[in-house]
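# Structure at a glance
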Amino acid sequence: MNIFITGGAGFLGQRVVRHAIALGHTVTGLARDDESEKILQSMGAKSVRGTLDAISVWGGVLRGHDVVVHCAAPVVFWGPWDLFYRDITLATQELLAYADQMGCRRFVHISTESVVHGVQPVVDIDETYECIQPNAYYGRA
């Protein structure tokens, strides 16, 4: 399969890229800078230069990919709501729309357990799990 991964140069994303390549898939990753591009290429992935706040510039490259794995998010935990809303919520909605327009069959969004931010460990849950309001904008977005 042809897989497009956002956040592929990050902590979790690198593991996703390596695993997909090890399974024999062709991987393309979104690279926001030279360092991200080097990391992706060193793992055997192709790279596309771009950012989540300019998906319209590079979104056409999703055509021909079977799957989009979205694991990119701002690498900050505190800041104004507008930052998180734009770079997480709106960017994910726009990326999903582009993936659909470009014919991608699957869209996987990897998130954080802070979206369900409970006291109990987050184990064996699904969409029916009753969440409490996250205490930070990162999880809320």
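### A closer look at the overall build of the protein
Helix and strand counts for the protein come out as 5 helices and 5 strands. Listing each helix as α and each strand as β along the protein from the N terminus yields β-α-β-α-β-α-β-α-β-α. On C-alpha atoms alone, the protein measures out to a radius of gyration of 15 Å, which is about the 14 Å that the 2.2 N^0.38 rule sets for 141 residues. For the C-alpha atoms alone, the extent of the protein along its principal axes is close to 40 × 30 × 30 Å. Sorting the 141 residues of the protein into buried and exposed places 38% on the buried side. A fraction of 58% describes how many contacts in the protein between residues 6 or more apart in sequence connect residues 24 or more apart. Total accessible area computed for the protein in this model is approximately 8500 Å², and 53% of it derives from carbon and sulfur atoms. In the protein, the 11 positive side-chain charges and the 15 negative ones have mean positions that sit 8 Å from each other.

### Points about the pairing of strand β3 (residues 46-49)
Judged from the 4 bridges that link them, strand β2 (residues 26-31) and β3 form a sheet pairing that is parallel. Across the sheet, the residue bridging to Ala31 is Arg49, located in β3. A crossover links β2 with its parallel partner β3, the connecting element being helix α2 (residues 34-42), and its sense is right-handed.

### Notes on the pairing of β2
Where burial is concerned, most of β2 is hidden: 5 out of the 6 residues are buried. Sheet analysis places strand β1 (residues 2-6) next to β2, joined by 4 bridges and oriented parallel. Among the inter-strand pairings, Ile3 is bridged to a residue of β2, identified as Val27.

### Quick look at the packing of aromatic side chains
A complete count under the given rule lists 2 aromatic pairs for this structure. On the basis of an interplanar angle of 15° and a centroid distance of 5.5 Å, the ring pair of Phe4 and Trp58 is categorised as stacked. With Phe4 in strand β1 and Trp58 in helix α3 (residues 55-58), this pair connects stretches of sequence that are 54 residues apart. One exposure class covers both Phe4 and Trp58, and it is buried. The side chain of Arg15 reaches across the aromatic face of Phe11, ending 4.3 Å from its centre.

About the cut-offs
Residues numbered from 1 in each chain as written. Predicted model: local features only at pLDDT ≥ 70, side-chain atom pairs only at ≥ 80, totals over all residues. Heavy atoms only, no water. Helix = DSSP H or I, 4+ residues; strand = E, 2+ residues; numbered from the N terminus. Rg over C-alpha atoms; globule rule 2.2 N^0.38 Å. Buried < 20%, exposed > 50% of the residue type's maximum accessible area, 1.4 Å probe, protein only. Contact = heavy atoms within 4.5 Å. Areas by Shrake-Rupley, 256 points an atom, 1.4 Å probe, with all protein chains shown as cover. Lys, Arg positive; Asp, Glu negative; His and termini not counted. Charge placed at Lys NZ, Arg CZ, Asp CG, Glu CD. Pairing = 2+ DSSP bridges. Right-handed = clockwise from strand over helix to strand, strands pointing away. Phe/Tyr/Trp six-rings, centres within 6.5 Å; stacked < 30°, edge-to-face > 60°. Lys NZ or Arg CZ within 6 Å of the ring centre and 35° of its normal.

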